[in-house]
Amino acid sequence: MVDAADLVAFRKHLEGANTVAITSHRSPDADAVGTSLALARFLRSSGKDVTCLLPDAPDEALDWMEGVEDIVLFDRDPGKAQDILHRADVLFALDYNGMGRLGPMADAARSATGTWLMVDHHMGPEDFPAAQVHDARCSSTAELLWGVIAGLGGKDAVEPVMASLLYAGMMTDTGSFRFASVSAETHRVIAEMMDRGLQHTPVHEAIFGEQPMDRMKLHAFAVVERMEVHPEFQTAFIHLTAEDMARFNYRAGYTEGLVNKALGVAGVKVAVFAKQSTDRVKMSFRSVGKYSVRDLAEQHFDGGGHNNAAGGASNESIGMVMARLRGLLPEIAAGLKAAEEGMS
Ligand SMILES: [Mn+2]
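(A) Focus on the coordination of the manganese ion. Taken together, Asp31 (OD), Asp95 (OD), His121 (NE2) and Asp173 (OD) make up the full set of protein donors to the manganese ion, lying 2.1 to 2.4 Å away. The sequence pattern describing where the donors of the manganese ion fall on their chain is D-x63-D-x25-H-x51-D. With Asp95 in the loop between β4 (90-94) and α4 (106-110) and Asp173 in helix α6 (residues 160-173), the pair connects residues that are 78 residues apart, well separated along the chain. Residue class for Asp95 comes out buried when judged on its relative accessible area of 2%. Relative accessible area serves as the criterion here: at 18%, Asp173 is assigned to the buried category.

The structure is reproduced here in structure tokens:
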């Protein structure tokens, strides 16, 4: 939920601002990109000069989002991105709360002199913003941003395109409205957006409707050849090497959702997906129930996120990472037991 005092602060900081830069995290997902584009539409409608900036490109699955082609990408155009960051009167941090999440864009962002405002739903926010709308229990940044836009401009400021962008963030961050983070408020926000012309079916179609055959084959291969289930520890891992991904002509977004296949195995409570990327091994952690994969990711793999969904990374080889994960199985099992007994 959005606090009225936070909105007063947002309004005050935005009043005198002409130039606004909207930023979100590295490997941007639908919540990151959808909220960036929705907020840009809202602020432009009130006469601001707005630019969206991301450290790197979003998945192709988000190509349908209106305005996505105008986003400035730091890894393609660092000079331009830096210039925009430095000229901005107000800078928004959406769907992240630590500069480290910007990866290579972090230094340029840290040296920006404008006023930072944050809208985010991850735990443990850093204190760089002058004002923030933050709720770690909220389903998504999109749900919070609905409150911000409705609070600043009235609910009717959310037109159908903006609604579809926010809906995409809410839908994907909740695993299609399945996770514990979904509240009555989540559904109320969607009802309000449907009253204002939201078409939800095209959003589902665009994101889940069809997929490239290579992606489907990569998922099948990962499950058949690269999934290891450890029933005695209620844990499953999937890993992919660079060769595996090259074999199926890997493109950004192809491994999205793969971790949920491992989590979907009967009896599995903790799942980890690890893939070799250009400079490091990237990991996704998922759990069901009270056991926090955020702590696991934070303590062992320089990561963070939510209790049931977290990310991490390592500079070790994929083989080393998998060996370390297997070594952690007893610790995971003990954590699961403690969480079940309500001790964690
Ligand atoms: Mn999010």
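(B) How the structure looks around the packing of aromatic side chains. Under the defined criterion, the tally for this structure stands at 6 aromatic pairs. Relative to Phe128, the ring of Trp116 has its centre 5.3 Å away and its plane inclined at 85°; by these criteria the two rings are edge-to-face. Placement of the pair is Trp116 in strand β5 (residues 115-120) and Phe128 in the loop between β5 and β6 (131-134), with a sequence separation of 12 residues. Residue classification places Trp116 among the buried positions, given a relative accessible area of 7%. Ring geometry for Phe285 and Phe301: centres 5.8 Å apart, planes at 35°, overall tilted. A residue pair is termed long-range when its members are at least 10 positions apart, and Phe285 in strand β10 (residues 281-287) and Phe301 in helix α12 (residues 293-301) qualify at 16 residues. This pair shows no difference in class: Phe285 is buried, exactly as Phe301 is.

(C) Broad picture of helix α14 (residues 329-340). For α14, with 12 residues, the first-to-last C-alpha span of 16 Å sits near the 16 Å given by 1.5 Å per residue. Within the span of α14, buried status applies to Leu329, Ile332, Gly335, Leu336, Ala338 and Ala339. Against β7 (227-230), β8 (235-240), β9 (270-276), α12 and α13 (318-327) lie the buried residues of α14. Downstream of α14 by a residue or two, Gly342 has a phi angle that is positive, lying close to 75°.

(D) View of the nonpolar core. Grouped together as the largest cluster of nonpolar side chains are 52 residues, with contacts concentrated most on Ile22, Leu43, Met65, Phe92 and Met193. When neighbours within four sequence positions are excluded, Met193 is seen to be in contact with Trp146, Val158, Ala163, Leu166, Tyr167, Met170 and Leu198. Leu325, Leu328, Leu329 and Leu336 belong to the second largest nonpolar core, which has 22 residues in total.

(E) A look at the side chain of Arg280. One can find Arg280 in the loop between β9 and β10. On the basis of relative accessible area, Arg280 is assigned to the buried category, the value being 18%. When residues no more than four places from it in sequence are discounted, the contact partners of Arg280 are Arg26, Lys275, Ala313, Ser314 and Asn315.

(F) A look at the sheet that holds strand β12 (residues 309-314). Spatial ordering of the open sheet is given by β7-β8-β9-β10-β12-β11, a layout of 6 strands whose pairing is mixed. In this open sheet, the two edge strands, each paired with only one partner strand, are β7 and β11 (304-305). Alignment of β7 against β8, held across 4 bridges, turns out to be antiparallel. Bridging from a neighbouring strand, Glu228 pairs with Phe237 of β8. With respect to the sheet, helix α9 (residues 213-225) is in contact with β7 and β8, its orientation differing from that of β8 by roughly 125°.

Each value, and the rule that gives it
- Residues numbered from 1 in each chain as written.
- Predicted model: local features only at pLDDT ≥ 70, side-chain atom pairs only at ≥ 80, totals over all residues.
- Heavy atoms only, no water.
- Donors = N, O, S within 2.8 Å, 3.2 Å for Na, K, Ca; no water.
- Helix = DSSP H or I, 4+ residues; strand = E, 2+ residues; numbered from the N terminus.
- Buried < 20%, exposed > 50% of the residue type's maximum accessible area, 1.4 Å probe, protein only.
- Phe/Tyr/Trp six-rings, centres within 6.5 Å; stacked < 30°, edge-to-face > 60°.
- Expected span 1.5 Å × (residues − 1).
- Contact = heavy atoms within 4.5 Å.
- Core = buried A, V, L, I, M, F, W, Y, C linked by side-chain atoms within 4.5 Å.
- Pairing = 2+ DSSP bridges.
- Axes fitted to C-alpha atoms, helices over the stretch in contact; angles between N-to-C directions.

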